[in-house]
Amino acid sequence: RIIFPDAKVVRMDLDTSRTRKSHENIIRSFERGEVDILIGTQMISKGLDFDNVSVVGILNADSMLNYPDFRAFERSYQMMAQVGGRAGRKHKQGTVVIQTSNPDNPVILDVVNNNFKNLYHGQLDEREAFKYPPFYRLIHLTIKHKNPNTVNQAAEYFGTYLRGLFNDRVVGPQAPPISKIQNWHIRKVMLKIESGVSLPKLKEMLRNAINTVVSHPGFKAVVIQADVDPM
């Protein structure tokens, strides 16, 4: 509003689009040209097709690229390519501006050059080297307790026990980005399992490991949840 005082600016995010009607009203206003600048979260990129959009800006692309997830580069490329596709329609050339402190990042370069194949092959090579899907299966194990000291002790005990069974297939324990939800303190352990492993035997070993922890006198109220092939 300071830079473009004469422009009609509208926000589209979870706070302004809580109901279906409010979401649709914002979209219709933008389609009719009643709104000049639409600012919002990633929901703007999802399935919206506007004829009159000439400029799209992606703010702080680094936050997506630096997210602690092996799919961060894939998702970042997908989102930036999708958002970029909002600009320019029906043979009209659009402009996409990406804000980044690292313009030489390979994902940024692949987006700029529209080089999906390069991203695809690069990501496959990395995932094979670092033991991620589709070459390995992942199991996320979540350890929860209302006391932070107890959850730390249980997670360390669990991690050590699992390493005795699965060796270097075990990653963690560590605190996730959101480490406390509704008074529950959370720690994560990840298992990377190569193809060809007997799944029934793996399941039995994992169930026994979980039972060993939760039956420990000091960890009676600890909760352990397994998420196989987490998405």
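Residues numbered from 1 in each chain as written. Predicted model: local features only at pLDDT ≥ 70, side-chain atom pairs only at ≥ 80, totals over all residues. Heavy atoms only, no water.

This part is about the overall build of the chain. Each helix and strand in the chain was counted, giving 7 helices and 9 strands. A compact globule built from 231 residues should have a C-alpha radius of gyration of about 17 Å, whereas the chain, at 23 Å, is more than 25% larger. Oriented by its inertia axes, the alpha-carbon framework of the chain measures out at about 65 × 40 × 30 Å. Scored against the burial criterion, the 231 residues of the chain give a buried share of 35%. Nonlocal contacts in the chain, meaning residues at least 24 apart in sequence, comprise 66% of its contacts between residues at least 6 apart. When the accessible surface of the chain is totalled, it reaches about 14800 Å², and 52% of it is carbon and sulfur. (Helix = DSSP H or I, 4+ residues; strand = E, 2+ residues; numbered from the N terminus. Rg over C-alpha atoms; globule rule 2.2 N^0.38 Å. Buried < 20%, exposed > 50% of the residue type's maximum accessible area, 1.4 Å probe, protein only. Contact = heavy atoms within 4.5 Å. Areas by Shrake-Rupley, 256 points an atom, 1.4 Å probe, with all protein chains shown as cover.)

Moving on to a nonpolar patch on the surface. Taken together, the side chains of I2, I3 and F4 define a hydrophobic patch exposed on the protein surface, amounting to about 420 Å² of accessible area. Relative to the helices and strands, I2 resides in the segment before β1 (9–12). (Patch = residues over 30% accessible without salt bridge, like charges linked within 9 Å, V, L, I, M, F, W, Y side chains within 5 Å. Salt bridge = Lys/Arg side-chain N within 4 Å of Asp/Glu carboxyl O.)

Let us now look at helix α6 (residues 148–166). The terminal C-alpha atoms of α6 lie 26 Å apart, and with 19 residues this matches the ideal 27 Å at 1.5 Å per residue to within 8%. Within the span of α6, buried status applies to T150, V151, A154, A155, F158, G159, L162 and F166. Down the axis of α6, the buried side of the element spans an arc of 160°, and every buried residue falls inside it. For α6, exposure combined with an orientation more than 90 degrees from the buried face picks out N149, T160 and G164. Structurally, α6 contributes buried residues whose contacts are with β5 (136–145), β6 (170–174), β8 (184–194), α7 (199–214) and β9 (223–228). Backbone nitrogen of N149 and a side-chain oxygen of the N-cap are separated by 2.8 Å at the start of α6; the cap is N147. (Expected span 1.5 Å × (residues − 1). Arc of directions from axis to C-beta. Polar contact = N/O pair within 3.5 Å; in protein donor to acceptor, adjacent residues only side chain to side chain.)

With that out of the way, let us pick up the pattern of salt bridges. Scanning all chains against the criterion turns up 7 salt bridges. R137 is the partner of D229 in a salt bridge, and the nearest nitrogen-oxygen pair spans 2.5 Å. In this pair, D229 is assigned in the segment after β9 and R137 in strand β5, connecting sequence segments 92 residues apart. By relative accessible area, R137 is classed as partly exposed at 36%. Within the structure, one salt-bridge network assembled from shared partners comprises D69, R71 and R75.

When you line up the elements, I193 lands in strand β8. Overall, I193 belongs to the buried group, its relative accessible area being 4%. Residues I193 and Y132, spaced 61 residues apart in sequence, show a C-alpha to C-alpha distance of 9.0 Å. Apart from residues no more than four positions distant in its own chain, I193 is found in contact with Y136, R137, I139, R169 and L202.

Below, the discussion takes up the packing of aromatic side chains. Within the structure shown, the criterion is met by 4 aromatic pairs. Between F70 and Y132, the aromatic rings sit 4.8 Å apart at their centres with planes inclined by 15°, giving stacked as the arrangement. Of this pair, F70 sits in the loop between α2 (62–65) and α3 (72–84) while Y132 sits in the loop between α5 (116–129) and β5, and the two are 62 residues apart along the sequence. Taking the centre distance of 6.3 Å and the plane angle of 50° together, the rings of Y77 and F116 count as tilted. (Phe/Tyr/Trp six-rings, centres within 6.5 Å; stacked < 30°, edge-to-face > 60°.)

Right, let's talk about the packing of α6 against α7 for a bit. Packed helix pairs are characterised by how far apart their axes lie and by the angle those axes make with each other. With their axes 10 Å apart at the nearest point, α6 and α7 run at an angle of 150° to one another. When the axis of α6 is compared with that of α7, the two are roughly antiparallel. As α6 packs across α7, the resulting crossing turns out to be right-handed. Across the interface between the two elements, A154, Y157, F158, Y161, L162, L165 and F166 from α6 touch L202, M205, L206, A209, I210, T212 and V213 from α7. The residue inventory of the contact of α6 with α7, partitioned by class, reads 13 nonpolar, 1 polar and no charged. (Axes fitted to C-alpha atoms, helices over the stretch in contact; angles between N-to-C directions. Parallel < 35°, antiparallel > 145°, perpendicular 65-115°, else oblique. Left-handed = near helix turned anticlockwise from the far one by under 90°. Nonpolar A, V, L, I, M, F, W, Y, C, P; charged D, E, K, R; others polar.)

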